[in-house]
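Summary of structural features
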Amino acid sequence: MTIVLIKGARPYGEGDPVDVLVEDGVITDIGSIDTPDNAEVIEAGGQVLLPGFVDLHTHLREPGREDTETIATGSAAAALGGYTAVFAMANTDPVADNAVIVDHVWRRGQEAGLVDVHPVGAVTVGLKGEKLAELGTMAKSEAKVKVFSDDGLCVADPLLMRRALEYSTALGVVIAQHAEEPRLTVGAQAHEGEQAARLGYTGWPASAEESIVARDCLLAEHANARLHVCHVSTSGTADILKWAKERGTKVSAEVTPHHLLLTDERLSTYDPVNKVNPPLRTESDAVKLRSALAEGVIDCVATDHAPHAVQDKDCEWNSARPGMLGLQTALSIVIETMVRTGLLDWRGVARVMSERPAEIGNLTDHGRPIEVGEPANLALVDPETEWTVRGAEFASIAANTPYEGMRLPGVVTATLLRGRITAREGKITQ
Ligand code: NCD
Ligand code: ZN
Ligand code: ZN
């Protein structure tokens, strides 16, 4: 039997420190506990104990671009970031649009054994937006696909989107939309606004996102289906979500750490590390996204971890690929933007980083309360200590972090997956 005793931790940052006993993957006691023989002891020293984080939106580049990230390296980055489950997007090469690929991704994740890697299935064959993929086959495969998305691309055809939503209800899965009306973003390089205009970049207007979100909320409402909106980036989208939720539409949404912290002020650096899709918006958008997350209008934080090779980032802006790393910095950015500002307490962090994403992704064994009888998927956090971001030191193969050199608060000191310590003091433990 594997026994771990976490001594002196504060679940949800509340109350006096307690000991948490984990036996065979399950929390079996909470209180003042004598150390059992052969227990592995974690001295928590009053640190914050949270349910392990769940990322609804990760890009692991396997299969196809293992030079930038593999399922194993991405899993390591996730475990170090406090995650116990991640959803791996379908825009790999080949695309995860069939049972063979999704089962392969699922099994590789289990082999790596650091986080549960749930493959996202593509909505359309080859992400081409023309024909629905076999959602049912993927949902019933070994990987039991629970989330479908063409992320990277928008399911722009309203009839296809309507059909996908209708099928999703019957299958008990959710469609996650990358909301970008492609006709409005041809050649787009940066947020359409003053900064882009001054620097001569083709603009990516807020309306390209908002028009799809409004449309999809209506489609979901009429189909009585569940819709999830990926990487919300504009203040207008938050307003639409609020309106739709008030009407009873079954819509959920995520925001990335980078859209909570960074703005298009970064364009003046000309550094493509800041190029991302959807683009960094304005300060007022970021402020609105923070309050929408605090209020629950936006349900959760998702990283949109997007590793890219040096040659795809270290080039002129227009030819650089969009995307930035996120798994090992997400918690720190959430602390910086949401906890230090008083917008969220640790219960709130547990909600947006773990509980809500687990619910949206239909996971029953993650995002659970820290209570006796619950699975021991946990993250132990030292909230005060600051650290300096160094992309080269991440477990990811790629190093494209927009936070390079920044001092950030919050260190994940231990991560447990089903009672097994996967990361400890910044190192993978197996
Ligand atoms: C993502 C990628 O690199 O796959 N890039 C990004 O800028 N976010 C695709 C996506 O999430 O749309
Ligand atoms: Zn996307
Ligand atoms: Zn993405």
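Predicted model, so just to flag it, every value in this text is computed and none were measured.

Rules behind the numbers
- Residues numbered from 1 in each chain as written.
- Chains lettered and ligands numbered in written order.
- Predicted model: local features only at pLDDT ≥ 70, side-chain atom pairs only at ≥ 80, totals over all residues.
- Heavy atoms only, no water.
- Salt bridge = Lys/Arg side-chain N within 4 Å of Asp/Glu carboxyl O.
- Helix = DSSP H or I, 4+ residues; strand = E, 2+ residues; numbered from the N terminus.
- Buried < 20%, exposed > 50% of the residue type's maximum accessible area, 1.4 Å probe, protein only.
- Pairing = 2+ DSSP bridges.
- Axes fitted to C-alpha atoms, helices over the stretch in contact; angles between N-to-C directions.
- Contact = heavy atoms within 4.5 Å.
- 1 Å grid on protein atoms, 1.4 Å probe; cavity = no way out; pocket = protein on both sides within 12 Å on 5 of 7 lines; lining within 4 Å.
- Points joined across faces, edges and corners; volume = space filled by probe spheres on them.
- Nonpolar A, V, L, I, M, F, W, Y, C, P; charged D, E, K, R; others polar.
- Disulfide = S-S within 2.5 Å.
- Near = heavy atom within 4 Å.
- Sits in = over half its atoms within 2 Å of the grid points.
- Domains from an automatic or database assignment.
- Buried area = accessible area lost by both parts, 1.4 Å probe.
- Polar contact = N/O pair within 3.5 Å; in protein donor to acceptor, adjacent residues only side chain to side chain.
- Donors = N, O, S within 2.8 Å, 3.2 Å for Na, K, Ca; no water.
- Parallel < 35°, antiparallel > 145°, perpendicular 65-115°, else oblique.
- Left-handed = near helix turned anticlockwise from the far one by under 90°.
- Phe/Tyr/Trp six-rings, centres within 6.5 Å; stacked < 30°, edge-to-face > 60°.

**Points about the pattern of salt bridges**
What the rule picks out here adds up to 22 salt bridges. The salt bridge involving Glu62 is made with Arg108; its shortest N-O contact spans 3.0 Å. Within this pair, whereas Glu62 is found in the loop between β6 (53-58) and α1 (71-80), its partner Arg108 is found in helix α2 (residues 99-112), the two being separated by 46 residues in sequence. One salt bridge in this structure joins Arg215 and Asp216, with 2.9 Å as the shortest N-O distance. Like Arg215, the residue Asp216 is buried in the burial classification. Overlapping salt bridges, with partners in common, bring together Lys245, Asp299, Arg356 and Glu359 in one network.

**Points about the sheet that holds strand β7 (residues 83-88)**
Within the open sheet, the 3 strands sit side by side as β6-β7-β8. Their pairing is parallel. Because the sheet does not close on itself, it has two edges, and the strands there are β6 and β8 (116-119). Each strand of the sheet is rotated relative to its neighbour by a mean of 20°, with strand direction disregarded. Packing of helix α12 (residues 346-360) onto the sheet brings it into contact with β6 and β7, and relative to β6 it is tilted by some 55°.

**Digging into the layout of surface pockets**
Taken as a whole, the largest pocket spans an internal volume of roughly 650 Å³. What lines the largest pocket is a set of 31 residues, and nearest its centre among them are Arg61, Asn91, Gly152, His308 and Pro322. For the lining of the largest pocket, a count of residues per class yields 9 nonpolar, 13 polar and 9 charged.

**A look at the state of the cysteines**
Following the criterion strictly, the structure yields 0 disulfides and no others. Of all cysteine sulfurs in the structure, the one in Cys300 sits closest to Cys230, which takes part in no disulfide; the separation is 9.7 Å.

**Some remarks on the site of ligand 1**
The full set close to ligand 1 counts 15 residues, and Arg61, Asn91, Asp151, Asn277 and Asp304 are the nearest of them. Under a 2 Å grid-point criterion requiring more than half of the atoms, the pocket assigned to ligand 1 is the largest pocket. Partitioned by chemical class, the residues of the shell around ligand 1 number 3 nonpolar, 9 polar and 3 charged.

**Considerations on the domain arrangement of the chain**
A common measure of how large an interface is: the accessible area buried when the components associate. Domains assigned within the chain are domain 1 (3-48 + 374-428) and domain 2 (51-360). On a C-alpha basis, the centres of domain 1 and domain 2 stand 26 Å from each other. In this assembly, domain 1 packs against domain 2 so that about 3400 Å² is buried in total across both faces, 64% of it on carbon and sulfur atoms. Of all residues in domain 1, Tyr12, Asn400 and Tyr403 bury the most surface against domain 2, accounting for 21% of the area lost on that side. In this structure, the connection of domain 1 to domain 2 is made through 3 salt bridges. The tally of links between domain 1 and domain 2 comes to 20 residue pairs in polar contact (both at pLDDT 80 or more). Put simply, the parts of the chain that give the side of domain 1 that touches domain 2 at least two residues each are β16 (378-388), β17 (407-417), β18 (420-424) and β19 (427-428). In terms of residue class, the side of domain 1 that touches domain 2 is made up of 23 nonpolar, 9 polar and 6 charged.

**Quick look at the coordination of the zinc ion (ligand 3)**
Reference geometry at the metal: tetrahedral coordination by four donors gives ideal angles of 109.5 degrees; octahedral coordination by six donors gives 90 or 180 degrees. Those donors, His57 (NE2), His59 (NE2), Asp151 (OD) and Asp304 (OD), are the protein atoms that reach the zinc ion (ligand 3), and they lie 2.0 to 2.2 Å from it. Positions of the donor residues of the zinc ion (ligand 3) along the chain correspond to the pattern H-x1-H-x91-D-x152-D. Between the zinc ion (ligand 3) and the zinc ion (ligand 2) the interatomic distance amounts to 3.7 Å, and Asp151 serves as a bridging ligand to the pair. Taken together, the positions of His57 in strand β6 and Asp151 in the loop between β9 (147-148) and α4 (158-171) put the pair 94 residues apart, joining distant regions of the chain. Each of the two residues, His57 as well as Asp151, counts as buried.

**Side note on unusual backbone geometry**
Following Asp93, the chain continues into Pro94 via a peptide bond in cis, with omega recorded as 5°. Take Pro94: it is sitting in the loop between β7 and α2. Of note, the bond from Asn277 into Pro278 is cis; its omega dihedral lies within 30 degrees of zero at -10°. In this structure, Pro278 sits in the loop between α8 (257-261) and α9 (283-295). Look at Asn362: it is not a glycine, yet its phi comes out positive at around 60°. By the element assignment, Asn362 lies in the loop between α12 and β16. Of note, the phi angle at Arg418 is positive, near 45°, even though the residue is not glycine.

**Let's talk about the coordination of the zinc ion (ligand 2)**
Distances from the zinc ion (ligand 2) to its protein donors, Asp151 (OD), His178 (ND1) and His231 (NE2), fall within 1.9 to 2.1 Å. Counting gaps between the donor residues of the zinc ion (ligand 2) yields the pattern D-x26-H-x52-H. Judged by relative accessible area, which is 2%, His231 ranks as buried.

**Section: the packing of α4 against helix α6 (residues 206-223)**
For the pair α4 and α6, the least separation of the axes is 9 Å and the interaxial angle reads 45°. If you check the angle between α4 and α6, you find them oblique. When the axes of α4 and α6 are compared, the crossing they make is right-handed. When α4 is examined against α6, the residues Pro158, Met161, Arg162, Leu165, Glu166 and Thr169 are found in contact with a partner set consisting of Arg215, Asp216, Leu219, Ala220 and Ala223.

**Here we look at the packing of aromatic side chains**
Applying the stated rule across the entire model yields 2 aromatic pairs. Ring centres 5.6 Å apart and planes at 75° place the aromatic pair Phe53 and Tyr83 in the edge-to-face group. A residue pair is termed long-range when its members are at least 10 positions apart, and Phe53 in strand β6 and Tyr83 in strand β7 qualify at 30 residues. Of the two residues, Phe53 and Tyr83, both sit in the buried class.

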